[in-house]
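Here is how the chains run, residue by residue.
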Amino acid sequence: MFVLTEQSSIANHFIAELRDVHIQKDPLRFRRNLERLGELLAYEISKTLTYSKTTVQTPLGQTKTFLLTQQPVLAAVLRASLPFHQGFLNAFDRAENAFIGAYRGNHTEGEDFTVELEYISCPDITGKTLILVDPMLATGKSLETSYRSLLRYGIPARTHIAAVIASPEGIKHVQTRMPECRLWVGDVDERLNHNYYIIPGLGDAGDLAFGEKL
Ligand code: URA
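Residues numbered from 1 in each chain as written. Predicted model: local features only at pLDDT ≥ 70, side-chain atom pairs only at ≥ 80, totals over all residues. Heavy atoms only, no water.

Chemist: Which residues make up helix α2 (residues 27–46), and what values do they have?
Modeler: With 20 residues, α2 ought to run about 28 Å at 1.5 Å a step, and its terminal C-alpha atoms sit 28 Å apart, in line with that. Within α2 the residues assigned to the buried category are Phe30, Asn33, Leu34, Glu35, Leu37, Gly38, Leu41, Ala42, Glu44, Ile45 and Ser46. (Helix = DSSP H or I, 4+ residues; strand = E, 2+ residues; numbered from the N terminus. Expected span 1.5 Å × (residues − 1). Buried < 20%, exposed > 50% of the residue type's maximum accessible area, 1.4 Å probe, protein only.)

If you want it as structure tokens, here you go:
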């Protein structure tokens, strides 16, 4: 597992601003910080992808460089993932994209919940690199449901899962139930509360980015 904050960098500022109860009230800044973290994690993941030597023609000559052999497929879980996904798309600007509408159903306080899946659009992912992004890895249940639904569209060569903040429970879930996926996170928090929110976390990422829902 890769953890961005294991090394101090400017990423600490972006995560601190997402968490800060005063700064996070500015939705434009909140979305932009998610996007910036998407850009940074995309850069880290890009170091593991396959490149092939390519010639580039400049106006004055030629140079050789290594370019991606194949763009990844980016998958976003609606709706909180959208700004985070945009950050990945800024880096992988020719990527194909998948979108999944998954949410917590039957949720009475303190009780277990089901994951409802309502919408999915996905290209053929056979043999490709899939990057599934969700800013908050809490229980890992909606992430697993989303991932398994995407597998109906082909078996990827490899899958990366990216989150901004992860709980120990969510990390364990991914590592035991989806061991074939490589995990990339911004920071690891203490625990989940009885409503399955991450503590200390940042609150509800979807509400902070897009406004409260009914
Ligand atoms: N989703 C969120 O937005 N926040 C959490 O803490 C957990 C899931």
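Chemist: Go over the packing of aromatic side chains, please, and point to the residues and values.
Modeler: Enumeration according to the criterion identifies 3 aromatic pairs in this entry. Taken together, a centroid distance of 5.1 Å and an interplanar angle of 40° make the contact between Phe2 and Trp184 tilted. Pair noted here: Phe2 is in strand β1 (residues 2–3) and Trp184 is in strand β10 (residues 181–188), with a separation of 182 residues, a long-range link. By relative accessible area, Phe2 is classed as partly exposed at 22%. Geometrically, the ring pair formed by Phe84 and Phe88 is edge-to-face, given 5.3 Å between the ring centres and 90° between the ring planes. Separated by 4 residues within a single helix, Phe84 and Phe88 lie in helix α3 (residues 81–91), roughly one turn from each other. We note Arg104 situated over the ring of Tyr197; from NZ or CZ to the ring centre the distance is 5.5 Å. Across from the ring centre of Phe113, 4.8 Å away, lies the NZ or CZ of Lys141, which sits over that ring. (Phe/Tyr/Trp six-rings, centres within 6.5 Å; stacked < 30°, edge-to-face > 60°. Lys NZ or Arg CZ within 6 Å of the ring centre and 35° of its normal.)

Chemist: For the nonpolar core, give the residues involved together with the corresponding values.
Modeler: Soluble globular proteins tend to pack their nonpolar side chains together in the buried interior. In this structure, Leu37, Phe88, Leu132 and Leu150 are the most contacted members of the largest nonpolar core, which totals 61 residues. Those residues in contact with Leu150 that sit more than four places away from it in its chain are Ala75, Ala98, Ile100, Ile120, Cys122, Ile125, Leu130 and Leu132. (Core = buried A, V, L, I, M, F, W, Y, C linked by side-chain atoms within 4.5 Å. Contact = heavy atoms within 4.5 Å.)

Chemist: Go over the site of the ligand with me, naming the residues and quoting the values.
Modeler: In the vicinity of the ligand, the residues found are Arg104, Met136, Ala138, Tyr196, Tyr197, Ile198, Gly203, Asp204 and Ala205. Between a nitrogen atom of the ligand and a main-chain N or O atom of Gly203, the distance comes to 2.8 Å. At 2.8 Å, a backbone N or O of Ala205 approaches an oxygen atom of the ligand. Relative to its free-state accessible area of 240 Å², the ligand is covered by the protein chains to the extent of 88%. A per-class count over the shell around the ligand returns 6 nonpolar, 1 polar and 2 charged. (Near = heavy atom within 4 Å. Polar contact = N/O pair within 3.5 Å; in protein donor to acceptor, adjacent residues only side chain to side chain. Areas by Shrake-Rupley, 256 points an atom, 1.4 Å probe, with all protein chains shown as cover. Nonpolar A, V, L, I, M, F, W, Y, C, P; charged D, E, K, R; others polar.)

Chemist: Please set out the pairing of strand β4 (residues 73–78) residue by residue, giving values where relevant.
Modeler: With 5 of its 6 residues buried, β4 lies for the most part within the structure. Relative to strand β5 (residues 96–105), β4 runs parallel, the two sharing 6 bridges. Bridge pairing in β5 links Leu78 to Gly101. Strand direction decides the pairing type here: β4 and strand β7 (residues 129–133), joined by 4 bridges, are parallel. In the sheet register, Leu74 faces β7, and the bridge partner there is Ile131. (Pairing = 2+ DSSP bridges.)

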